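Observations on the three-dimensional arrangement
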Amino acid sequence: MSSTRAVVDNEENYIDVGQNHRLYFRDYPGAQGATPIICLPGFWRNARDFEGLALHLSPTRRVVTPDMRGRGNSTRASDPSEYRFETLIDDVWKLADHLHMDKLVVVGTALGAFMAIQMAHDCPNRVAGIVLNDAGTETTPPGSKRLGGTVDHLERPLDVLATTLKEINSKYFPEFDDEDWRWFAKLSHRETASGQYVRDFDPLTSEETKRFRADKPSLWNEFEGLNIPIAVLRGALSDFLPQDLGERMAAANAKATLTVVEGRGHPLLLTEPASLAAIEKLLAKVDLR
């Protein structure tokens, strides 16, 4: 699958969210009137993951993709407690308020999916629908352990990094060619002054990740009570969202639909035809409400 995709940042946008933190976000302004979208990345990922989806949807609605604090272009902390789950959610609401997004759809991957469920539970009048990108109501040991084992802060040349990611993840993205793997590497890594690449997040966030998983191993209660359209997307090759968990989620909430995307693992790129069809179906329901 040859690719000409590139990772390109928009004009930089920041807001102050307190504790000397500035949150970076990409803003893809679209047609007014349709429900806007905020896309929330995974534990060690950033706004670049959603570029393809945002470019696809922005002709019809506004799409905003922030870097959570400690990730991407947002500021780093000196204390892991500044990365608490609840604080990250508060940052998103401050961003939504800043952009006058009174009602919105939340698209989330891994950590972002857990945030989406919690936000919808806490503010049902503001969250009009959620899309869960290959993530469910709980973390699952096999996928979490595998992905956690790929996170370090070693600097590597891009080709070496791309080869490493290919060796670890090729079974989850079988159609990728070498150019795709270089592109994929740039999504989660930044170039250093030496011309090499390093993972683009603060290692202190991992300390909060451990606490979060111990403190909140499940969001089942929050999920079951939601009364909004929910799209649960699962990669057919995923070890992060098991098939049985996806099916239990669809059975537990009448508003939830499960879509299995063939030939993909974790995370879904959200530009797969099946992913886009499921997201557009959810948006159609939201816009009718």
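Just so it is clear, the structure is predicted and the values come from calculations on it, not from any experiment. (Residues numbered from 1 in each chain as written. Predicted model: local features only at pLDDT ≥ 70, side-chain atom pairs only at ≥ 80, totals over all residues. Heavy atoms only, no water.)

Regarding the overall build of the protein
The test is simple: Helix and strand definitions follow DSSP, with helices as H or I runs of at least four residues and strands as E runs of at least two, each counted in order from the N terminus. Computation of the radius of gyration draws on C-alpha atoms alone. For the globule rule, the value is 2.2 Å times the number of residues to the power 0.38. Any residue under 20% of the maximum accessible area for its type is buried, any over 50% is exposed, and the rest in between are partly exposed; the area is computed with a 1.4 Å probe on protein chains only. The contact definition used throughout considers only heavy atoms, calling two residues in contact when any of these lie within 4.5 Å. Note that accessible areas follow from Shrake-Rupley with a 1.4 Å probe, and for residues the cover is restricted to the protein chains shown. The charge count treats Lys and Arg as positive and Asp and Glu as negative. His and the chain ends do not count. A single reference atom marks each charge: NZ on Lys, CZ on Arg, CG on Asp, CD on Glu.
Summing up its helical and strand segments, the protein has ten helices and ten strands in all. For 289 residues, the compact-globule estimate of 2.2 N^0.38 gives 19 Å, and the C-alpha radius of gyration of the protein, at 18 Å, lies within 12% of that figure. Viewed in the frame of its principal axes, the protein has a C-alpha envelope of about 50 × 40 × 40 Å. A burial count over the protein gives 56% of its 289 residues as buried. Summarising the internal contacts of the protein: among those between residues at least 6 apart in sequence, 76% fall at separations of at least 24. Entry remark: accessible area of the protein is about 12,000 Å², with carbon and sulfur atoms responsible for 50%. Averaging the positions of the 34 positive and the 42 negative side-chain charges in the protein gives two centres separated by 2 Å.

Topic: the pairing of strand 6 (residues 127–133)
In plain terms, the rule: Two strands form a pair only when DSSP identifies at least two bridges running between them. Looking down the strands as they point away from the viewer, one classifies a crossover as right-handed if the path from the first strand across the helix to the second runs clockwise.
Burial analysis of strand 6 places seven of its seven residues in the buried class, the great majority of the element. Inspection of the sheet shows strand 5 (residues 104–109) paired to strand 6 by six bridges, in the parallel sense. Within the sheet, the bridge partner assigned to Gly108 lies in strand 6 and is Leu132. In this fold, strand 5 hands off to helix 3 (residues 111–122), which returns the chain to strand 6; that crossover is right-handed. Pairing analysis gives four bridges linking strand 6 to strand 9 (residues 230–235), with the strands arranged parallel. Note that in strand 9 the partner of Ile130 across the bridge is Ile230.

So, the sheet that holds strand 6
This is how the line gets drawn: Geometry is summarised by axes, namely lines fitted to C-alpha atoms with helices restricted to the contacting stretch, and by angles between N-to-C directions that run from 0 to 180 degrees.
Spatially, the eight strands line up as an open sheet ordered 1-2-4-3-5-6-9-10, and their pairing is mixed. Across the chains shown, the open sheet's two edge strands, defined by having one partner strand only, are strand 1 (13–18) and strand 10 (256–261). Recorded for the sheet is a direction-independent mean angle of 20° between the axes of neighbouring strands. The pairing of strand 3 (residues 37–40) with strand 5 spans four bridges and is parallel. Within strand 5, the position partnered with Ile38 by the bridge is Val106. Packing against the sheet, helix 2 (residues 85–98) makes contact with strand 1, strand 2 (21–28), strand 3, strand 4 (63–66), strand 5 and strand 6, and its axis sits at approximately 125° to strand 1. Sheet contacts for helix 10 (residues 273–288): strand 3, strand 5, strand 6, strand 9 and strand 10; angle to strand 9, the most-contacted strand, approximately 175°.

Things to note about the confidence of the model for the protein
Rules: The pLDDT value expresses, per residue, how confident the predictor is, ranging between 0 and 100.
Averaged over every residue, the pLDDT of the protein is 91; residues scoring 70 or more account for 92%. Considering only residues more than four positions removed or in separate chains, one finds that residues 2–8, a stretch of pLDDT under 50, has 20 contacts.

A look at the nonpolar core
Selection rule: Definition of nonpolar core: a set of buried residues of the types Ala, Val, Leu, Ile, Met, Phe, Trp, Tyr and Cys, connected through side-chain atoms within 4.5 Å.
Core analysis: the biggest nonpolar cluster contains 49 residues, and Met115, Val127, Ile130, Leu132, Phe223 and Ile230 have the highest contact counts within it. It is helix 3 that provides the largest number of residues to this core, a total of eight residues. Once residues lying within four places of it in the same chain are set aside, the contact partners of Phe223 are Ile117, Leu132, Thr137, Ile230, Met249, Asn253 and Ala256. If you look at the next biggest cluster of nonpolar residues, it comprises 23 residues, including Ala231, Ile279, Leu282 and Leu283.

A look at the packing of aromatic side chains
Using the following cut-off: Note on aromatic contacts: the rings of Phe and Tyr and the six-membered ring of Trp form a pair at centre separations within 6.5 Å, being stacked when their planes are under 30 degrees apart, edge-to-face when over 60 apart, and tilted otherwise. Criterion for a charge above a ring: Arg CZ or Lys NZ at most 6 Å from the ring centre, at most 35 degrees from the ring normal.
Overall, the coordinates contain twelve aromatic pairs when judged by the stated rule. Ring centres of Phe43 and Trp44 lie 5.8 Å apart, and the angle between their planes is 45°; this geometry places the pair in the tilted category. Taken as a pair, Phe43 and Trp44 share a single burial class, namely buried. Look at Phe176 and Trp181: their rings are 4.9 Å apart centre to centre, the planes differ by 65°, and that puts the pair in the edge-to-face class. Since its relative accessible area comes to 8%, Phe176 is described here as buried. Relative accessible area serves as the criterion here: at 1%, Trp181 is assigned to the buried category. Sitting above the plane of the Tyr14 ring, Arg22 keeps its charged end 4.2 Å from the centroid. The ring of Phe184 carries Arg45 above its face, with NZ or CZ at 5.3 Å from the centroid.

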